[in-house]
Amino acid sequence: NAGVTQTPKFQVLKTGQSMTLQCAQDMNHNSMYWYRQDPGMGLRLIYYSASEGTTDKGEVPNGYNVSRLNKREFSLRLESAAPSQTSVYFCASSQTFPSSYNEQFFGPGTRLTVL
Amino acid sequence: AQSVTQLGSHVSVSEGALVLLRCNYSSSVPPYLFWYVQYPNQGLQLLLKYTSAATLVKGINGFEAEFKKSETSFHLTKPSAHMRDAAEYFCAVSTGGADGLTFGKGTHLIIQP
């Protein structure tokens, strides 16, 4: 099992460009998450999908959109990138039903730089 | 709403010494608690979790943590530090359900030879 995979690993964008970060999991988990990690800030939740067909905003959703394409895949889109979105982005998945304690499994991350 | 406070953004210990990384949480309901480790340029790996069973939880790589409800703490310890333990450590809390985890800001553990 590959676990949680993310593409690309690295990306450089110019301000105003758009891009989509891809995430897939092969653990048959029902819930998926996007976080961003900034120095000294820990990880902050951008969006999550509790189950296929649903998405909800997290702590820092502005400037992002998501799509839960199917049970395996959850993408994050930046429509018009800004330098403030320079960060490391992590995707995670979890089996939140019937278990409720939400142990999350993380991908390797995407390092995004916006110039 | 829940929150997590990790005391000390950087902790330095000598190889072979005790490791103690502090985590305090705030939650309106009984929490589930996690410690994750992040090695340079990698994703997060689960070290251990508290899910309301035993209050002393053992994890991988010789780490353990004790849930103390009266102190709202979940400190991470290891009796003897090894050079390979140098990494970033994150404490996180969940109140159950499918909401995201709430993370502390992280503690960078430095091991001195």
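Look up a bit, the structure's there.
If you're wondering where the values come from, they're calculated on a predicted model, not measured in any experiment.

Asks: Please clarify how the state of the cysteines should be interpreted in this entry.
Replies: Cysteine pairs can be covalently joined through their sulfur atoms, and such a bond is termed a disulfide. Under the criterion given, the structure shown has two disulfides over all chains. With its sulfur 1.9 Å from that of its partner, Cys23(A) forms a disulfide with Cys91(A). Residues Cys23(A) and Cys91(A) are joined by a disulfide whose S-S torsion is about -75°; by sign, that bridge is left-handed. Residue Cys23(A) is located in strand β3 (residues 19-25), and its partner Cys91(A) is located in strand β9 (residues 87-94); the two are separated by 68 residues in the primary sequence. Summarising the burial analysis for this pair, Cys23(A) and Cys91(A) share the class buried. Linked covalently through their sulfurs, Cys23(B) and Cys91(B) form a disulfide whose S-S length is 2.0 Å. Looking down the S-S bond of the Cys23(B) and Cys91(B) bridge, the torsion is -65°, so its handedness is left-handed. With Cys23(B) in strand β3 (residues 19-26) and Cys91(B) in strand β9 (residues 87-94), this residue pair connects regions lying 68 residues apart in the sequence. One exposure class covers both Cys23(B) and Cys91(B), and it is buried.

Asks: Which parts of the structure should I look at to understand the sheet that holds strand β1 (residues 3-7) of chain B?
Replies: Adjacent strands of a sheet form backbone hydrogen bonds with each other and so pair up, either parallel or antiparallel. All names here are of chain B. Ordered by their spatial adjacency, five strands build an open sheet running β1-β3-β8-β7-β6, and the pairing between neighbours is antiparallel. Only two strands of the sheet have a single neighbouring strand rather than two, namely β1 and β6 (56-58). Within this sheet the neighbouring strands show an average axis-to-axis angle of 20°, counted without direction. In this structure, strand β7 (residues 64-68) lies alongside strand β8 (residues 73-78), joined through five bridges in antiparallel fashion. By the bridge assignment, Glu66 is partnered in β8 with His75.

Cut-off values and rules
Residues numbered from 1 in each chain as written. Chains lettered and ligands numbered in written order. Predicted model: local features only at pLDDT ≥ 70, side-chain atom pairs only at ≥ 80, totals over all residues. Heavy atoms only, no water. Disulfide = S-S within 2.5 Å. Helix = DSSP H or I, 4+ residues; strand = E, 2+ residues; numbered from the N terminus. Buried < 20%, exposed > 50% of the residue type's maximum accessible area, 1.4 Å probe, protein only. Pairing = 2+ DSSP bridges. Axes fitted to C-alpha atoms, helices over the stretch in contact; angles between N-to-C directions.

Structural measurements only, silent on function.
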